[in-house]
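This is what each chain is made of:
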Amino acid sequence: MAQTEMIAPPGAREDWTIPQDWAAYTAQDHAMWDRLFARQTQMLAGRAVPEFLEGLDILRMTRPGIPDFAELSDRLMQRTGWQVVAVPGLVPDRLFFEHLANRRFVAGRFIRQPEQIDYLEEPDVFHDVFGHVPLLANPVFADYMQAYGEGGLRAHALGSIERLARLYWYTVEFGLIRQDDGLKLYGAGIVSSHGESEFALDDPSPNRLGFDLKRLMRTRYRIDDYQQSYFVIDSFEQLLRMTAETDFAPLYAQLDGLPDLDTDTILPTDRVFTRGSQAYANKKKE
Ligand code: HBI
Ligand code: FE
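Residues numbered from 1 in each chain as written. Chains lettered and ligands numbered in written order. Predicted model: local features only at pLDDT ≥ 70, side-chain atom pairs only at ≥ 80, totals over all residues. Heavy atoms only, no water.

**Looking at the sheet that holds strand S6 (residues 229-233)**
Line of reasoning, step 1. In spatial order, the strands read S4-S3-S6-S5-S7; together these 5 strands make up an open sheet with mixed pairing. The open sheet has two free edges, formed respectively by strand S4 (182-185) and strand S7 (272-274), since each of these has just one partner strand. The sheet shows a mean angle of 35° between the axes of neighbouring strands, taken without regard to direction.
Line of reasoning, step 2. Two elements, strand S3 (residues 176-179) and S6, share 2 bridges in a ladder whose sense is parallel. Note on S6: the bridge partner recorded for Ile177 is Ile233.
Line of reasoning, step 3. Those strands touched by helix H9 (residues 194-202) are S3, S4, strand S5 (207-210) and S6, and its axis lies near 155° from that of S4. (Pairing = 2+ DSSP bridges. Helix = DSSP H or I, 4+ residues; strand = E, 2+ residues; numbered from the N terminus. Axes fitted to C-alpha atoms, helices over the stretch in contact; angles between N-to-C directions. Contact = heavy atoms within 4.5 Å.)

Below, the structure written as structure tokens:
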């Protein structure tokens, strides 16, 4: 069934949002959040971009237990005008973009079970809130996320969702950033994953390539395993400037004439930080 025809799940509003119902979380749910939070904050010291760690403090996520989205949104609204709203899971692309364009980040309310601690299909509250929300307290990244949402609505109208999904995947979900003291993590899919937080920076297997919008939009990605290539930006300002300055319609037309690139491809024109061995490729997440 085409996503646009998908009707909201039972109990959800027209825009697919649902109450977080914070009081319904169990002690086990909060304990799972605390376990994941402790493991990641220990892993991310010195590895995550400073703005991410600052976001954890600014939003007082260092307090124990699953954050209450209403309290989180109050603090976030004051900083950058964003809010966090609960949804049952993945929402249709157009609606997802509409929420982002209105500075609403949609977050799953459920938290993973112990047997899913290292890998789960759908984004849970730890991936969405720990992974994505801290950087929404950073004004430049917050502007980028809204610009991305507005671009997504335009791309949806042009039938170019897949290209824009690649931009999201290789920046918001799995992006790396160059700093004076080396490469750092900022992608939500990486910082919320224990294994990938190490793999993305230290493992010799993946390529690490300079961010290049046109090239990145040709590049396929894998949803069920670590990435074979990561893209490195120089700053969040670079991301914001790129979305503001690019006329996407002619770019999509140019891309229509170019073949897609495999996840492990390195082009002669690529700025190569690491030429990966691809030794890890095609093993499942451990
Ligand atoms: N829905 N809840 C939710 N969270 C996402 O991250 C999300 C989504 N729907 C679509 C989507 N992401 C991606 O396809 C975007 O690139 C469009
Ligand atoms: Fe995500």
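**Overview of the packing of helix H6 (residues 139-158) against helix H11 (residues 236-245)**
Line of reasoning, step 1. Orientation of H6 relative to H11, taken along the N-to-C sense of each, is 30°, at an axis distance of 9 Å. Relative to H11, the element H6 lies roughly parallel. The element H6 and its partner H11 pack so that their crossing is left-handed. Of the residues in H11, those in contact with Val140, Phe141, Asp143, Tyr144 and Ala147 of H6 are Phe236, Glu237, Leu239, Leu240, Met242 and Thr243. (Parallel < 35°, antiparallel > 145°, perpendicular 65-115°, else oblique. Left-handed = near helix turned anticlockwise from the far one by under 90°.)

**A word on the UniProt feature "binding site: Fe cation" (unreviewed entry) in the protein chain**
Line of reasoning, step 1. The feature "binding site: Fe cation" (unreviewed entry), as given by UniProt, occupies His127, His132 and Glu173 in the numbering adopted here. These annotated residues cover 47 residues of sequence, and their C-alpha atoms lie no more than 9.9 Å from one another, placing them together at a single site. In this structure, the largest cavity is lined, among the annotated residues mentioned, by His132.
Line of reasoning, step 2. Sequence-distant contacts of His132, that is, excluding residues within four places in its chain, are made with Phe105, His127, Tyr168, Val172, Glu173 and Ala188.
Line of reasoning, step 3. Polar side-chain contacts of His132 include one of 3.2 Å to the side chain of His127.
Line of reasoning, step 4. As for its placement among the helices and strands, Glu173 is situated in helix H7 (residues 161-173).
Line of reasoning, step 5. Contacts of Glu173, omitting those with residues within four sequence positions, involve His127, His132, Tyr168, Gly187, Ala188, Gly189 and Ile190. (UniProt positions renumbered as here; feature names shortened; annotations may be inferred. 1 Å grid on protein atoms, 1.4 Å probe; cavity = no way out; pocket = protein on both sides within 12 Å on 5 of 7 lines; lining within 4 Å. Polar contact = N/O pair within 3.5 Å; in protein donor to acceptor, adjacent residues only side chain to side chain.)

**Topic: the pairing of strand S2 (residues 104-108)**
Line of reasoning, step 1. The element S2 is extensively covered by neighbouring structure, given that 4 of its 5 residues are classed as buried.
Line of reasoning, step 2. With 5 bridges joining them, strand S1 (residues 83-87) and S2 adopt parallel strand pairing. By the bridge assignment for S2, Val87 is matched with Gly108.
Line of reasoning, step 3. Between S1 and its parallel partner S2, the chain crosses via helix H4 (residues 93-101), and the hand of that crossover is right-handed. (Buried < 20%, exposed > 50% of the residue type's maximum accessible area, 1.4 Å probe, protein only. Right-handed = clockwise from strand over helix to strand, strands pointing away.)

**Considering the layout of surface pockets**
Line of reasoning, step 1. Estimated volume of the largest pocket: approximately 1100 Å³.
Line of reasoning, step 2. Residue lining of the largest pocket: 41 residues in total, with Leu90, Glu121, Pro123, Trp169 and Glu173 positioned closest to the centre.
Line of reasoning, step 3. When residues of the lining of the largest pocket are assigned to their parent elements, the largest contribution, 5 residues, is made by H7. (Points joined across faces, edges and corners; volume = space filled by probe spheres on them.)

**Considering the pairing of S6**
Line of reasoning, step 1. With 5 of 5 residues buried, S6 is to be regarded as a mostly interior element.
Line of reasoning, step 2. When S5 meets S6, the two strands line up parallel, connected through 4 bridges. Residue pairing for S6: Asn207 is matched across the bridge by Ser229.

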